[in-house]
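Chain by chain, the residues:
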Amino acid sequence: NKISVTYLAADESFYPNTDKAAIDNVINKYGISSPYLLYVGTMGMNKNIGALIKAYRLLRKENKFQHKLVICGKKTRIYPELKNLAVEFNLEKEIIFTGYVPDEDLPFIYNGSEIFLYMSLYEGFGLPVLEAMSCGKPVIVSKLSSIPEVAGKAGVLVNPDDIEQIAAETTALLSDEKKRTFLGKAAFEQSKNFSFEKCARETMEIYRKFYRP
């Protein structure tokens, strides 16, 4: 009862962008070509990227989708393990590890993606989910920790340990263009609930409420 929550927000550079030439110009720098599924974030153990790779393997094995999987973020000590997993599954040409991407390129990489995937086991907030939603992208995300608070009813929530469910939900969304469009619009509307102006205002209200001169 002593805790008040003020939510973060995505930077204003994250918004729906339909400039295909500009998007292609950026994604080509990282060896990415459309169509692709996207993960953005660090390579921490809590991010559960191994489960995402396993679900992607199942999706490619059982369907005819040609989407690459782009894993975007700084390579850490577990990168060799993830890379070896891609090699083991014979997907080393289908899974793209971009490494660190500067802030100015990230909005274009989000906008070029088909679906954003985030299977984290624990998050303090989950900013990449909000960044993807701010770009109008449909998201399939973990139902654990703080992530449902960010995604709201606009995201597809899954058990991040259930490989088959992740693959099935991704398959269903890739197979339904109307649903992707609907969820993309819903995601963008949900993202409007988060702003730094709102964060600052709520923070000031808390200070005023508890300040005792």
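(A) Expanded view of the overall build of the protein chain. A tally of regular secondary structure across the protein chain gives 9 helices and 6 strands. Rg of the C-alpha trace for the protein chain: 18 Å, near the compact-globule value of 17 Å for 213 residues, within the 12% margin. The dimensions of the protein chain, computed from C-alpha atoms along their principal axes, are 65 × 35 × 30 Å. A total of 213 residues make up the protein chain; the buried ones form 48% of that total. The long-range fraction of contacts in the protein chain, counting pairs at least 24 apart against all pairs at least 6 apart in sequence, stands at 72%. Side-chain charges of the protein chain comprise 28 positive and 26 negative groups, with the mean position of each set lying 2 Å from the other.

(B) Region of the structure containing the pattern of salt bridges. Going through the model one piece at a time under the given rule, you end up with 7 salt bridges. As a salt-bridge pair, Arg-60 and Glu-94 come within 3.2 Å of each other at their nearest N and O atoms. Pair noted here: Arg-60 is in helix 2 (residues 49–62) and Glu-94 is in the loop between helix 3 (79–88) and strand 3 (95–99), with a separation of 34 residues, a long-range link. Judged on exposure class, the residue Arg-60 and its partner Glu-94 are both buried. Salt bridges sharing partners connect three or more residues here, namely Arg-60, Lys-68 and Glu-94.

(C) Quick look at helix 3. Those residues of helix 3 lying buried are Tyr-79, Leu-82, Leu-85 and Ala-86. Along helix 3, the residues classed as buried sweep out an arc of 125 degrees about the axis, all on the same side. Away from the buried face of helix 3 by more than 90 degrees, exposed residues Glu-81, Asn-84 and Glu-88 are located. At its buried positions, helix 3 is contacted by helix 2 and strand 3. Positive backbone phi, approximately 60 degrees, marks Asn-90, located one or two places after helix 3.

(D) Fine view of a negative patch on the surface. A surface patch of negative charge is lined by Asp-11, Glu-12, Asp-103 and Glu-104. Positionally, Asp-103 belongs in the loop between strand 3 and helix 4 (106–112). A relative accessible area of 57% places Asp-103 in the exposed class.

(E) Fine view of the packing of helix 2 against helix 7 (residues 163–174). Look at helix 2 against helix 7: their axes get within 8 Å of each other, and the N-to-C directions meet at 55 degrees. Looking at the two axes, helix 2 sits oblique to helix 7. Handedness of the crossing formed by helix 2 with helix 7: right-handed. Taken together, the residues of helix 7 that come into contact with helix 2 (itself represented by Ala-51, Lys-54, Ala-55, Leu-58 and Leu-59) are Ile-163, Glu-164, Ile-166, Ala-167, Thr-170, Thr-171 and Leu-174.

(F) Here's a closer look at the side chain of Glu-123. With respect to the helices and strands, Glu-123 occurs in the loop between strand 4 (115–118) and helix 5 (127–134). For Glu-123, the side chain forms a polar contact with the side chain of Lys-47, separated by 2.6 Å. If sequence neighbours within four positions are ignored, Glu-123 has contacts with Asn-46, Lys-47, Tyr-118, Ser-145, Ser-146 and Ile-147.

Rules and cut-offs
Residues numbered from 1 in each chain as written. Predicted model: local features only at pLDDT ≥ 70, side-chain atom pairs only at ≥ 80, totals over all residues. Heavy atoms only, no water. Helix = DSSP H or I, 4+ residues; strand = E, 2+ residues; numbered from the N terminus. Rg over C-alpha atoms; globule rule 2.2 N^0.38 Å. Buried < 20%, exposed > 50% of the residue type's maximum accessible area, 1.4 Å probe, protein only. Contact = heavy atoms within 4.5 Å. Lys, Arg positive; Asp, Glu negative; His and termini not counted. Charge placed at Lys NZ, Arg CZ, Asp CG, Glu CD. Salt bridge = Lys/Arg side-chain N within 4 Å of Asp/Glu carboxyl O. Arc of directions from axis to C-beta. Patch = residues over 30% accessible without salt bridge, like charges linked within 9 Å, V, L, I, M, F, W, Y side chains within 5 Å. Areas by Shrake-Rupley, 256 points an atom, 1.4 Å probe, with all protein chains shown as cover. Axes fitted to C-alpha atoms, helices over the stretch in contact; angles between N-to-C directions. Parallel < 35°, antiparallel > 145°, perpendicular 65-115°, else oblique. Left-handed = near helix turned anticlockwise from the far one by under 90°. Polar contact = N/O pair within 3.5 Å; in protein donor to acceptor, adjacent residues only side chain to side chain.

So far we have only geometry, and geometry alone does not tell us how the molecule works.
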